[in-house]
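Notes for the structure review
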Amino acid sequence: MQTAFLIYNLLYLVALIFFLPLEYFKRLTFLRKRWIKEKFGFLEEKEQNLPKIWIHAVSVGEVIAVSRMIKELSEHYKIILSTITDTGQKVAQERFKDCNVKVVYMPFDISWAINRFLKYFSPVAIILTETELWPNLIRIASKTTPIILVNGRMSDKSFKGYYKIKFFIKHLLKKLSLICVQENSYKEKFITLGAEEEKIHVTGNMKFDIELKEINFPWENNIPHPVILAGSTHEPEEEIILNSFISLGINGTLIIAPRHPERFGEVETLINRKIAQSVTKIQFSKLSEIKSFFSPRTSALILLVDQMGILGPLYRICDIAVVGGSFIPHGGQNPLEPSYWKKPIICGPYMHNFPFIEEFIKEKACLMADKDSLMNVMRELVKNYELRQTIGNKAYQLFLNKSGATKKTLKLLKKFIP
């Protein structure tokens, strides 16, 4: 096993040398200094003496999924919440600004950076989310600290990759104190990879336990309906969805929320190229500056969401939700936020990151389309108010039926966290 770790460390360092300059300079200037220091385990602020729990959630989706768990744990512990992405940082800082939570960047998985991080915080437990298996972190921390995986999942792609190095993954999984997974199929995959069955508990998907804040937007009653909201889109989905909306020829609103903020400018350029004189385009960040949305020639509105952390509450005002990341082989984005607001959902054929969507489709709580049929599916929902209500209510009922994973997980955590 020592040889395996030597190979891993060598490959990791080679990749780090290559990608470090790219990762450093792609960040905004004001973030770079903090990012590089925290990635190498250098922290400045002294922490209070409350016992600390280190929770790692790689990006926005994971942060949102474990939000309720973090808030409950923060009543008794100081939470150190690490993310990898800048968007994850931003959403976490906003979401937990009134909680006992310190948001940091996940240190690089190199021994001395991990050791420095652990020495500084001395957590009583480490909680990883979904499939965040960092070899050096697990190897070093498990000697003194319980390491727990929550909301665990294992896609077919990840499983195939891990199976090729099963001898290495098995060693890591055996060092985990507790593994909480979303579904039985994931439990079987973890067992196949070498996890001890008695440590694995099927607790459900914590993403079903989301709580979304209701925000009343001052402009929401002034936009034309129906409102179609395309959330967490990836390239080239914006063009697919724009073409479908324009082809509908309706006096409605299309709201586009790209998944990654660095693409806001690119999507704005695409919208400007696509829209006709009869269509108005507005950026979300400039809504307060605009007194009137429409000219006499305007027949439709396209709203580009160029802010992070606002998508969940925005779903409340839409009539139809389109799930991004599902019209390309990405695996889909979270369809639960529109379900929370009882909205009818359209997803593409690539939703393998969310296996429960099969039940939604089976129960007719979601409609599936591809890029060629999207416009027709949109039209069907636009025309039929009762169908929209029926699909939305079914989605909400499934959402309620599957909630409770956080409560089950917290009950199990009590056995391992002092």
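Here the structure is a predicted model, which is why all the values come from computation and not from measurement. (Residues numbered from 1 in each chain as written. Predicted model: local features only at pLDDT ≥ 70, side-chain atom pairs only at ≥ 80, totals over all residues. Heavy atoms only, no water.)

**As for the pairing of strand β1 (residues 52-56)**
Along any regular strand, the residues point their side chains to alternate faces of the sheet. In terms of burial, β1 is a largely internal element, five of the five residues being buried. Of the pairings in the sheet, the one linking β1 to strand β2 (residues 78-83) comprises five bridges and is parallel in character. Following the sheet pairing, H56 is matched in β2 by S82. (Buried < 20%, exposed > 50% of the residue type's maximum accessible area, 1.4 Å probe, protein only. Helix = DSSP H or I, 4+ residues; strand = E, 2+ residues; numbered from the N terminus. Pairing = 2+ DSSP bridges.)

**Focus on the sheet that holds strand β5 (residues 147-152)**
Here seven strands make up an open sheet; going across it, the order is β3-β2-β1-β4-β5-β6-β7 and the pairing parallel. The two strands at the open ends of the sheet, each matched to only one other strand, are β3 (101-105) and β7 (200-202). Neighbour to neighbour, the strand axes of the sheet diverge by 20° on average, direction disregarded. Inspection of the sheet shows β2 paired to β3 by five bridges, in the parallel sense. Across the sheet, residue I79 finds its bridge partner in β3, namely V101. (Axes fitted to C-alpha atoms, helices over the stretch in contact; angles between N-to-C directions.)

**Details of the nonpolar core**
Ranked by internal contacts, the top residues of the largest apolar core, which has 70 residues, are M69, L73, I127, F360 and L413. With four residues, helix α18 (residues 405-413) is the single largest residue contributor to this core. In contact with I127, not counting residues within four places along its chain, are I53, W54, I55, H56, M69, L73, I148, V150, L413 and I417. Core analysis: the second largest hydrophobic core is formed by 45 residues, V104, I114, A141 and M154 among them. (Core = buried A, V, L, I, M, F, W, Y, C linked by side-chain atoms within 4.5 Å. Contact = heavy atoms within 4.5 Å.)

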